[in-house]
Amino acid sequence: MRAIHIVTTRLSSSFRPILLLDLVSSCSPPRQFSIPRRLICAAANGGGRSGSIVAPLVTEEDFHKKIDVNPPKGTRDFPPEDMRLRNWLFNHFKEVSRLYGYEEVDYPVLETEALFIRKAGEEIRDQLYCFEDRGNRRVALRPELTPSLARLVIQKGKSVSLPLKWFAIGQCWRYERMTRGRRREHYQWNMDIIGVPQVTAEAELISSIVTFFKRIGITASDVGFKVSSRKVLQELLKKYGVPEDLFGRVCIIIDKIEKIPIDEIKKELGFTGISEDAIEQLLQVLSVKSLDDLEDIIGGAGEAIADLKQLFSLAEKFGYSEWIQFDASVVRGLAYYTGIVFEGFDRKGKLRAICGGGRYDRLLSTYGGDDFPACGFGFGDAVIVELLKEKDLLPELGQEVENIVCALDKDLQGAAATVATALRDKGQTVDLVLESKPMKWVFKRAARVNARRLVLVGKTEWEDGSVSVKVLSSGEQFQVKLSDLE
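Predicted model, so just to flag it, every value in this text is computed and none were measured.

1. Quick notes on the sheet that holds strand S5 (residues 129-132)
In step 1: One open sheet accounts for three strands, arranged S4-S6-S5; its pairing is antiparallel. Unpaired on one side and paired on the other, strand S4 (110-112) and S5 mark the two borders of the sheet. Sheet twist, expressed as the average angle between the axes of neighbouring strands with direction ignored, equals 35°.
In step 2: Relative to strand S6 (residues 138-141), S5 is paired through four bridges, and the arrangement is antiparallel.

Okay, here's the thing in structure tokens:
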């Protein structure tokens, strides 16, 4: 039996370069060669990056075996019906961004690995899809968009005028445990403001999300925003004598409060070196849901209270005060947040966070740039679709075509193409019947694509330079010159 020997690119075995090897994993390698299956680089065990990996012998017989026709676990296909829903959702993202005066940007799906491990947080680092490319460069599929935004802002430098108001809709990748509304790839809508230090920036961002919710039929009784500030936690840690260098680790742990048992939270906080007494007091304060109660505990002189009071005041001016509430436990898991943070949640508590964001004034310096005040949010496509299903608000989005053009004789196919071209030149959508079909089939096709009218090209009419038009909603039928067909 003939065998084909496949040699992969030069990759580091210590970093388990699975993304490339998975391309041949469906070829059923011999048992004596084990291909690692994990897709993340978190299991790296050190060592050099030299050496090459030789893939197994793949027999000709293996190429004739059926492949798994399902997409990789945690990913999706988008057949037409799902693509219509995705486009509907994305169009709302784009329209809201346009209404608020934001410009669209995009970044590579593949970025330098260092971009995401410098100051993203432990969870993100552990979930990266990362590998070494053919040039021995460490790269990763982006797990989020904000670091790419920071990179682009630094790259543009003084060539752009502040403030920047940018938005993006991009695919993101994370190797994480899948639950309802959580996949290993998803699309994310980001809106960011660079160059505005005032809380007005956060207030406008939340307003834009509220506008989006209203457009798709979601109300304040369905969804709310939990709001707090990283500065609250900073002031608490300072009050209880917790070293400042533990702040990032504590934020990551506190972000898990609604995800794991409280005893686990206490245990993880204890591992950081915080005393049991400080942990109890800290958790007690983080359970506070009233801004007035928080002010009684930490005083009203600090920036945290002032910022939050201003945000709630602006919420009244923007008209969304019923949507937001204070929750001291909200800190967000990403390490780069520095001030106000917020999360959108469904009030029935059936779903994970719908969206989230906050202020990240010191992110740019992490990558060697000059810091600018900045804030933004990320809004995934998966959870909101689950919420729309829950509320029975998913739109019915059938295919829509204005015209079906059909030749009544196979010799008139060229004439039908001429008619279709004339209509398309006028900006109308046309489904041209490309082969001889009975009229029963044509009418079924017209119903399936929700066609507005049927344009029939018959021999007698065409000799006169005309076509027959049937309006499908009313049944009206008439003959018209091709030059007058609108």
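2. Thoughts on the UniProt feature "binding site: L-histidine" (unreviewed entry) in the protein
In step 1: According to UniProt, the positions carrying the feature "binding site: L-histidine" (unreviewed entry) are Glu-144, Leu-145, Thr-146, Arg-174, Gln-188, Asp-192, Arg-332, Tyr-336 and Tyr-337.
In step 2: Excluding anything up to four places from it in sequence, Leu-145 contacts Tyr-107, Ala-168, Gly-170, Cys-172, Gln-188 and Asn-190.
In step 3: With respect to the helices and strands, the residue Asp-192 is situated in strand S8 (residues 185-194).
In step 4: The contacts of Asp-192, once residues within four sequence positions are left out, are Tyr-102, Leu-149, Leu-164, Lys-165, Trp-166, Tyr-360, Cys-375, Gly-376 and Phe-377.

3. Focus on the environment of Gly-217
In step 1: Along the polypeptide, Gly-217 turns up in the loop between helix H6 (200-215) and strand S9 (223-229).
In step 2: Between the alpha carbons of Gly-217 and Leu-393 there is a distance of 7.0 Å; along the sequence they are 176 residues apart.

4. Describing the side chain of Ser-148
In step 1: By the element assignment, Ser-148 lies in helix H5 (residues 146-156).
In step 2: Residue classification places Ser-148 among the buried positions, given a relative accessible area of 0%.

5. As for helix H7 (residues 230-239)
In step 1: Those residues of H7 that fall on the buried side of the exposure criterion are Arg-230, Lys-231, Val-232, Leu-233, Leu-236 and Leu-237.
In step 2: Buried residues along H7 sit against S9, helix H8 (247-254), helix H10 (276-286), helix H11 (291-298), helix H12 (303-318) and strand S11 (340-346).
In step 3: Backbone nitrogen of Lys-231 and a side-chain oxygen of the N-cap are separated by 3.1 Å at the start of H7; the cap is Ser-229.
In step 4: At the exit of H7 stands Gly-241, carrying a positive phi of roughly 70°.

6. A word on the sheet that holds strand S16 (residues 453-457)
Paired through backbone hydrogen bonds, the strands of a sheet run either parallel or antiparallel to each other.
In step 1: Read from one edge to the other, the open sheet built from five strands follows the order S15-S14-S16-S17-S18, with strand pairing classed as mixed. Looking at the sheet topology across the chains shown, the edges are occupied by strand S15 (430-432) and strand S18 (477-481). Here the average twist between neighbouring strands, direction ignored, is 25°.
In step 2: Bridge analysis of strand S14 (residues 403-407) against S16 gives five bridges, and the strand direction is parallel. Bridge assignment links Cys-406 to a residue of S16, and that residue is Leu-456.

7. Some points on the packing of helix H9 (residues 262-271) against H10
In step 1: Running from N to C, H9 and H10 cross one another at 130°; their axes reach a closest spacing of 10 Å. As far as their axial angle goes, H10 and H9 are oblique. H10 is crossed by H9, and the crossing has right-handed handedness. Two secondary-structure elements touch here, H9 through Ile-262, Ile-265, Lys-266, Leu-269 and Gly-270 and H10 through Ile-279, Glu-280 and Leu-283.

What counts and what doesn't
- Residues numbered from 1 in each chain as written.
- Predicted model: local features only at pLDDT ≥ 70, side-chain atom pairs only at ≥ 80, totals over all residues.
- Heavy atoms only, no water.
- Pairing = 2+ DSSP bridges.
- Helix = DSSP H or I, 4+ residues; strand = E, 2+ residues; numbered from the N terminus.
- Axes fitted to C-alpha atoms, helices over the stretch in contact; angles between N-to-C directions.
- UniProt positions renumbered as here; feature names shortened; annotations may be inferred.
- Contact = heavy atoms within 4.5 Å.
- Buried < 20%, exposed > 50% of the residue type's maximum accessible area, 1.4 Å probe, protein only.
- Polar contact = N/O pair within 3.5 Å; in protein donor to acceptor, adjacent residues only side chain to side chain.
- Parallel < 35°, antiparallel > 145°, perpendicular 65-115°, else oblique.
- Left-handed = near helix turned anticlockwise from the far one by under 90°.

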